[in-house]
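Single-letter residue listing:
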Amino acid sequence: MAPGRNGQNGLPRPAKLTGDSDDEKMDLNLKIDNLLPHAKTPAFIYILTFFAALGGFLFGYDTGVISGAMILLRNSFSLSTVWQELIVSVTIGAAAIFALVGGFLNDRLGRRPVIMGASLMFTLGSIMMAVAKDKFALLAGRVVVGAGIGLTSTTIPMYLAECSPSYARGSLVSTNIAMVAFGQFMANVVDGIFGADTKDGWRYMLGLGAVPSTIQFIGFLFMPESPRWLISVGREEKSRRILQSMRGALDIEEEYDNIKQTCLEIEREQQSRGRTPIIIQMLQIPAIRRSLLVGCSLQIIQQVAGINTVMYYSATIIRMSGVKSDEAAIWLSAVTAAVNFLFTLVGLYLVERIGRRPLTLGSLMGAIVSLAWLAVGFHLSALNTPAIDTIESIAGDSHCSRYRSCNDCRKDLDCGFCYVDLPTVVVNSSCLPTSYDDPWRSTVGRCNSSSLSGGVTWAYDYCPTPYSWMPMVGLVLYLISFAPGMGPMPWTINSEIYPLWARSTGNAASTFMNWTFNLAVSMSFITLTESLTRYGTFWLYACLAFAGAILLALILPETKGRTLEEVEGLFARSWFTRSWFAGSADPIQSLNPQTIQYVHIRGLNRDGRESELDSPE
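Residues numbered from 1 in each chain as written. Predicted model: local features only at pLDDT ≥ 70, side-chain atom pairs only at ≥ 80, totals over all residues. Heavy atoms only, no water.

1. Details of the overall build of the protein chain
To keep it simple, the criterion reads: Only DSSP runs of H or I with at least four residues qualify as helices, and only runs of E with at least two residues qualify as strands; both kinds are numbered from the N terminus onward. Accessibility here uses a 1.4 Å probe with only protein chains present; expressed as a share of the type maximum, an area under 20% marks a residue as buried, one over 50% as exposed, and anything in between as partly exposed. Here the accessible surface of atoms and residues is derived via Shrake-Rupley with a 1.4 Å probe, and residues count as covered only by protein chains that are part of the display.
The secondary structure content of the protein chain amounts to 23 helices and six strands. In the protein chain, which comprises 617 residues, the share counted as buried stands at 60%. A total of about 23000 Å² of accessible surface is found on the protein chain, and carbon and sulfur atoms cover 63% of it.

In structure tokens:
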């Protein structure tokens, strides 16, 4: 490149430094790139990000609203534990399937039509749930919404990454996850507002999702297609105009030429590889195989660390901790969602300052400590529950009458705890039989009524305990730790680490893994709490998260400050070279060529091995 030629952001670029070797020269040039001032991000990019991130809001709203709605739905439709898990999980299963479908559609149709189609699905599914007459119609609406979630979760991070300038890419892509957290918060607020309407409150909760999806559809009528996708299908002039509007400058030649060159190389490689499916090609190429492993590992670890268990079942977990009021549980769930949103914004601030790798690993370690706290809190709660001091004569023949503490009674799915709750003490407590299909009252005795009177309280899914505060504190600590890093970073990093020809498929594969493990964790949560105990379940999540932290410490690179084309080169060398862990927050801490690896794959041999690495010159 000639000295003085404008850089990617239309700014004067100093002459490139040279070193004694190609690697040294490339490293020094990257250092100079990182020192350049950045142009002001055009307002159009923020407008585009807002309308795209509405998909994240819908993702968060439709997955979060079920937490509070379930408390009303289980009474309205007499939902068993299996049906509760099914209504939560069918959305996740549909999302997993349509994440794969989204990868195919993104390559064929482009990013914009897929996002608009997902908006229509959100609207249709929300209306179906709002007017549902039975649990089967409700289930159908959850499936349609799940399809929309699958399409947006694959497409929107990739769309934002391809439209964003490299210096702001982390923040703009993470905005989508911040909107997911905001959607979950708003879902809980809506749950709290309509929670008092025990008859139709859930209809408003589920139906209001149609409003933001309609806004997104209208907004995307005026939004452009990804310039990288347009170049890949030969629409170069339109891509150039869109890229100029996105950068707020006429001189975008360097960035445009880099994208175009990458597309030409991809086209040549695809011709040499023939009709082999893209996922097979990705697995055959070592560099792409490494990036796919990193991307899928991030999404799997995010789920096995229990985040969506906390978000989907937050109100249920709060009830488990000993909070007896449905309305109080819903509003406390809204508080936890607010914490999640606020600390996701912290991650938005930190991602371009300290980098992806330290933010991810630090977040995961905090989550492990919080999960251990939750496990200890539930254990202490189980050890400190009221004794049973009354055996009701009408229930004397039931096996429930042999239990002597609330915790023992609660662990039996056919029994529940009936008691009189005085301000400082629990009295006249008994263990009564109930029906698994309708556990919200006893089959006999004082609590055999849908509206209890005489001061008695029926507790099927919790026990009163002086340690109920510990799980609440644990939930808040967990979200404070998880939200800045492990919440947004898997999506941000996955949007960056695949080459253009494999980006749709790579994002679809990693998103599919996210939703598959999301489905497994959410489907098994209530069952695990019944078989492993509540504290045992959270110890399990803590151990899985710890194993994930070890894996990510070994394989996760730093992508901060690199263009999408440069990121490809990060995976060309072994994970265990010293330069793999480079990319600290301070780009000028050293000019040692071993500090940062900056390479670009100019092509791939027909036999699947990396070809010679060229310098960016």
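Now that the structure has been shown, we can carry on.
2. Brief notes about the confidence of the model for the protein chain
What counts here: The predictor attaches a confidence to each residue, called pLDDT, with possible values from 0 through 100. Should any heavy atoms of two residues lie within 4.5 Å, those residues are considered in contact.
When pLDDT is averaged along the protein chain, the result is 79, and 82% of the positions lie at 70 or above. Here residues 1–38 is modelled with pLDDT under 50, and outside its nearest four sequence neighbours on either side it reaches 76 contacts, counting other chains as well. In the predicted structure, residues 578–617 sits below a pLDDT of 50 and forms 109 contacts with residues beyond four places in sequence or in another chain.

3. What to know about the sheet that holds strand β3 (residues 438–442)
What counts, and what does not: When DSSP finds two or more bridges between a pair of strands, those strands are recorded as paired. For helices, the fitted line uses only the C-alpha atoms of the stretch in contact; every axis is such a line through C-alpha atoms, and the angle between N-to-C directions lies from 0 to 180 degrees.
Taken in spatial order, the four strands make up an open sheet running β3-β2-β1-β4, and their pairing is antiparallel. Each end of this open sheet is capped by a strand with a single partner; those strands are β3 and β4 (456–459). Mean inter-strand twist for the sheet, computed between neighbouring axes without regard to direction, equals 35 degrees. Two strands pair when backbone bridges link them, and strand β2 (residues 426–435) and β3 are joined in this way by two bridges, in the antiparallel orientation. When the sheet's bridge partners are listed, S435 is paired in β3 with D438.

4. Examining the state of the cysteines
In plain terms, the rule: Any pair of cysteine sulfurs within 2.5 Å is marked as a disulfide.
Following the criterion strictly, the structure yields four disulfides and no others. With its disulfide-bonded cysteines labelled consecutively along the sequence, the protein chain is connected as 1-4, 2-8, 3-6, 5-7.

5. Quick look at the packing of helix α2 (residues 43–76) against helix α8 (residues 210–220)
What counts, and what does not: Here is the rule for angles: anything less than 35 degrees is roughly parallel, anything more than 145 is roughly antiparallel, 65 through 115 is roughly perpendicular, and the remaining ranges are oblique. Two helices that cross are described as forming a left-handed crossing if the nearer one is turned anticlockwise from the farther one by less than a right angle, and a right-handed crossing if clockwise.
Where α2 contacts α8, the two axes come as close as 9 Å, and the packing angle between them is 160 degrees. By the angle between their axes, α2 is roughly antiparallel relative to α8. The chirality of how α2 crosses α8 is left-handed. Contacts between α2 and α8 involve F51, A52, L54, G55, F57 and L58 from the former and P212, S213, I215, Q216, G219 and F220 from the latter.

6. Some points on the nonpolar core
The test is simple: We call a set of buried residues a nonpolar core when its members are Ala, Val, Leu, Ile, Met, Phe, Trp, Tyr or Cys and they connect through side-chain atoms within 4.5 Å of each other.
By size, the foremost hydrophobic cluster in this structure holds 62 residues, and its most contacted members are L364, L371, Y478, F538 and L552. Looking at this core element by element, the count peaks at nine residues for helix α17 (residues 356–383). The contacts of L364, once residues within four sequence positions are left out, are I301, A305, M486, A545, G548, A549 and L552. Core analysis: the second largest hydrophobic core is formed by 60 residues, L54, F57, L72 and M246 among them.

7. Structural notes on the packing of α2 against helix α6 (residues 169–194)
Threshold: Ten residue types, Ala, Val, Leu, Ile, Met, Phe, Trp, Tyr, Cys and Pro, are classed as nonpolar, four, Asp, Glu, Lys and Arg, as charged, and the remainder, Gly among them, as polar.
Orientation of α2 relative to α6, taken along the N-to-C sense of each, is 35 degrees, at an axis distance of 6 Å. The chirality of how α2 crosses α6 is right-handed. Class assignment of the residues belonging to the contact of α2 with α6 gives a composition of 19 nonpolar, 13 polar and one charged.

8. Re the packing of aromatic side chains
Going by this rule: Any two rings among Phe, Tyr and Trp, with Trp reduced to its six-membered ring, count as a pair given centres within 6.5 Å; such a pair is stacked if its planes are under 30 degrees apart, edge-to-face if over 60, and tilted if neither.
One pass over the full model with this rule turns up 16 aromatic pairs. Measuring from ring centre to ring centre gives 6.4 Å for F182 and F185, while their planes differ by 35 degrees; the resulting arrangement is tilted. With F182 and F185 both in helix α6 and three residues apart, the pair spans about one turn of that helix. Among the residues examined, F185 registers a relative accessible area of 21% and is labelled partly exposed. Aromatic pair F538 and Y541: ring centres 5.9 Å apart, planes at 85 degrees, arrangement edge-to-face.

9. A few points about a nonpolar patch on the surface
To keep things clear, this is the line we draw: Any residue with relative accessible area above 30% and no salt bridge may belong to a patch, with like charges joined within 9 Å and the nonpolar Val, Leu, Ile, Met, Phe, Trp and Tyr side chains within 5 Å. Salt bridge, as used here: a side-chain nitrogen of Lys or Arg that lies within 4 Å of a carboxyl oxygen of Asp or Glu.
Together, W373, W469, V473, L477 and I480 make up a nonpolar patch on the protein surface, roughly 400 Å² of accessible area in all. Looking at the nonpolar patch, the element that brings in the most residues is helix α19 (residues 469–482), giving four residues. Take W469: it is sitting in helix α19. Residue W469 is classed as partly exposed on the basis of its relative accessible area, which comes to 45%.

10. Structural notes on the pairing of β4
Note on strand geometry: in a regular strand, side chains alternate between the two faces of the sheet. Side-chain alternation along β4 places V456 and W458 on one buried face and T457 and A459 on a second face that is also buried. Judged from the four bridges that link them, strand β1 (residues 415–421) and β4 form a sheet pairing that is antiparallel. When the bridges of β4 are listed, F417 appears paired with A459.

11. What about unusual backbone geometry?
Despite not being glycine, N428 shows a phi value in the positive range, around 50 degrees. Relative to the assigned elements, N428 resides in strand β2. The class for N428 is partly exposed, based on a relative accessible area of 40%. Phi angles above zero are rare outside glycine, and T533 is one such case at about 75 degrees. Along the chain, T533 falls in the loop between α21 (500–531) and α22 (534–555).

12. Overview of the pattern of salt bridges
Scanning the model with the defined rule gives eleven salt bridges in all. Across the salt bridge formed by R111 and E162, the nearest N and O atoms sit 2.7 Å from each other. A residue pair is termed long-range when its members are at least 10 positions apart, and R111 in helix α4 (residues 111–130) and E162 in helix α5 (residues 135–163) qualify at 51 residues. The burial state of R111 is the same as that of E162; both residues are buried.

13. Some points on the environment of W458
Structurally, W458 can be placed in strand β4. Of the residues examined, W458 reaches a relative accessible area of 9% and is grouped as buried. As a C-alpha pair, W458 and P439 span 19 residues in sequence and 9.8 Å in three-dimensional space.

14. Examining the environment of I493
Position of I493 among the secondary structure elements: in helix α20 (residues 489–494). Taking relative accessible area as the criterion, I493 reaches 1% and is therefore assigned buried. In this structure I493 touches L298, R356, T360 and L556, once residues within four positions along its chain are discounted.

15. Let's talk about the side chain of R247
The condition that has to hold: Polar contact criterion, stated in full: a pair of N or O atoms within 3.5 Å, where within protein one must be able to donate a hydrogen and the other to accept it, and residues adjacent in sequence count only if both atoms are side-chain atoms.
With respect to the secondary-structure elements, R247 resides in helix α10 (residues 236–247). From its side chain, R247 meets the backbone oxygen of C163 in a polar contact 2.8 Å long. Polar contacts involving the side chain of R247 include one to the side chain of E255, which spans 2.9 Å. With residues up to four places along the chain from it excluded, the contact list for R247 reads P42, I45, E162, C163, S164, P165, I252 and E255.

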